[in-house]
Amino acid sequence: MARAGLTADRVVAAAADLADEVGFENVSLSALARGFGVKDASLYSHVRNLQDLRTRVAFLAGGELIDRIAVAVAGRAGRDALGAFADAYRAYALEHPGRYAATQIRIDQSLIADSPALRRTAEITYGMLRAYGLEEPDLTDAVRLLRSTFHGFCALESSGGFGAPREVQRSWERAVDALHVALTHWPRGAQVG
């Protein structure tokens, strides 16, 4: 009876929940099967293997994250959009640590092309950055700057890595202000390499 209603979507959602509880790296098919009260083999009709499950969790989490960001940035531009984007990103990373960790894994490029969530992520992120007058290859560089700043800050914050007495929120706001200044004054025409 435990198998009734078991679907790929339910398995992936349960894996995402488990990732938030125990950490993405600790999600296993065995733990998931125990949660459903089934044998490990029962899950293989819904996911191919652990890598497939992790990739599906990454897509689920990426979709959730960009949905949150899209709502936050709607109708905004410049510093206002950047701040809304950054705050939505940070909130998701802190509220859903396992899911967020899933968004950081490397995914096979052949799968990325078929992902509406990843296409939407690119559209929203690049759209926000185009308001700063950026075009390629600067767009790619700016995306990398934002991602590394946001990820680094969130990783340090979630692990308790900020020990100074200054309020973390103020440091976050200053980091977003600094990113806005960097994007506004992006060095154009200085192509290196």
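Just above sits the structure.
One structure accompanies this document, and this report is about it.

**A look at the packing of aromatic side chains**
Logical step 1: Applying the stated criterion to the full structure yields six aromatic pairs.
Logical step 2: By the ring-pair criterion, three or more aromatic residues cluster together here, those being F85, Y89, Y100, F150, F153, F162 and W172.
Logical step 3: A cation sits over an aromatic face here: R54 above F24, 5.6 Å from the ring centre.

**Considering the packing of helix α1 (residues 8-22) against helix α4 (residues 50-73)**
Logical step 1: Axis separation between α1 and α4 bottoms out at 9 Å; the angle between their running directions is 80°. The angle between α1 and α4 places the two elements in the roughly perpendicular class. Along its contact with α1, which presents A8, V11, V12, A13, A15 and A16, the element α4 presents L53, R56, V57 and L60.
Logical step 2: Here the contact of α1 with α4 is built from residues that sort into nine nonpolar, no polar and one charged.

**Some details on helix α10 (residues 168-184)**
Logical step 1: Compared with the 24 Å implied by 1.5 Å per residue over 17 residues, the 24 Å span of α10 between its first and last C-alpha is a close match.
Logical step 2: Buried residues of α10: W172, V176, L179 and L183, and no others. All buried residues of α10 project into a common sector of 55° when viewed along the axis, lining one side.
Logical step 3: In the core, the buried residues of α10 are packed alongside α5 (78-95), α8 (116-130) and α9 (138-158).

**Some thoughts on the packing of α8 against α9**
Logical step 1: Between α8 and α9, the least distance of the axes is 10 Å, while the angle of their chain directions is 105°. On the basis of the axis angle, α8 is roughly perpendicular to α9. On α9, the residues that touch T125, Y126, M128, L129 and R130 of α8 are L139, T140, A142, V143 and L146.
Logical step 2: Tallied by class, the residues present in the contact of α8 with α9 amount to seven nonpolar, two polar and one charged.

**Points about the nonpolar core**
Logical step 1: Counting residues in each nonpolar core, the largest one holds 35 residues, and the members touching the most others are I69, L82, L129, L134, L146, F150 and L183.
Logical step 2: Among the secondary structure elements, those contributing two or more residues to this core are α4, α5, α8, α9 and α10.
Logical step 3: If we ignore the near neighbours within four places in the chain, the residues touching L183 are L82, L129, Y132, L134, A142, L146 and R188.

**A word on the side chain of S115**
Logical step 1: Counting through the fold element by element, S115 comes out in the loop between α7 (109-112) and α8.
Logical step 2: Only 3.1 Å separates the side chain of S115 from the backbone nitrogen of L118, close enough to count as a polar contact.

**Some thoughts on the pattern of salt bridges**
Logical step 1: Under the counting rule described, the total for this entry stands at 12 salt bridges.
Logical step 2: Its salt-bridge partner being E157, residue R90 comes within 2.8 Å of it at the nearest N-O pair. Separated by 67 residues along the polypeptide, R90 in helix α5 and E157 in helix α9 bring together distant segments of the chain. No difference in accessibility class separates R90 from E157, as the two residues are buried.

**What to know about helix α2 (residues 29-36)**
Logical step 1: When α2 is considered as a whole, its buried residues turn out to be L29, L32, A33 and F36. Down the axis of α2, the buried side of the element spans an arc of 100°, and every buried residue falls inside it. Exposed residues lying more than 90 degrees from the buried face of α2 are R34 and G35.
Logical step 2: Residues of α2 that are buried in the fold lie against α1, α3 (40-43) and α4.
Logical step 3: Following α2 by one or two positions, G37 has its phi on the positive side, about 70°.

Rules of the game
Per-chain numbering applies: the sequence of each chain, read as written, is numbered from 1 onward. Residues qualify for local features only when their pLDDT is at least 70, as the model is predicted, and side-chain atom pairs are given and counted only at 80 or more; totals for whole chains, interfaces and linings, by contrast, use all residues. Note that the side-chain values use all heavy atoms of the structure and ignore hydrogens as well as water. Centre distance within 6.5 Å is the pairing criterion for rings of Phe, Tyr and Trp, where only the six-membered ring of Trp is used; planes under 30 degrees apart are then read as stacked, over 60 as edge-to-face, and the remainder as tilted. Should the NZ of a Lys or the CZ of an Arg lie within 6 Å of a ring centre and within 35 degrees of the ring normal, that charge is described as sitting over the ring. As a rule, the C-alpha atoms of each element are fitted with a line to give its axis, helices using only the stretch in contact, and angles between N-to-C directions run from 0 to 180 degrees. Secondary structure elements follow DSSP: runs of H or I no shorter than four residues count as helices, runs of E no shorter than two count as strands, and numbering proceeds from the N terminus. Roughly parallel refers to an angle under 35 degrees, roughly antiparallel to one over 145, roughly perpendicular to one between 65 and 115, and oblique to any angle outside these ranges. Whether two residues touch is decided by their heavy atoms; if any such pair falls within 4.5 Å, the residues are in contact. Gly is put with the polar residues, along with every residue not named as nonpolar or charged; the nonpolar set is Ala, Val, Leu, Ile, Met, Phe, Trp, Tyr, Cys and Pro, and the charged set is Asp, Glu, Lys and Arg. Take the residue count of a helix, subtract one, and multiply by 1.5 Å to get its expected span. Note on exposure labels: buried denotes an accessible area under 20% of the residue type's maximum, exposed denotes more than 50%, and partly exposed covers the range between, all computed with a 1.4 Å probe on protein chains only. Note: the arc covers the axis-to-C-beta directions of the helix. The set of buried Ala, Val, Leu, Ile, Met, Phe, Trp, Tyr and Cys residues whose side-chain atoms join them within 4.5 Å is what this entry labels a nonpolar core. Counted as a polar contact is a pair of N or O atoms within 3.5 Å, where, for protein atoms, one must be capable of donating a hydrogen and the other of accepting one, and residues adjacent in sequence contribute only when both atoms are in side chains. Salt bridge, as applied in this entry: a Lys or Arg side-chain nitrogen positioned within 4 Å of an Asp or Glu carboxyl oxygen.

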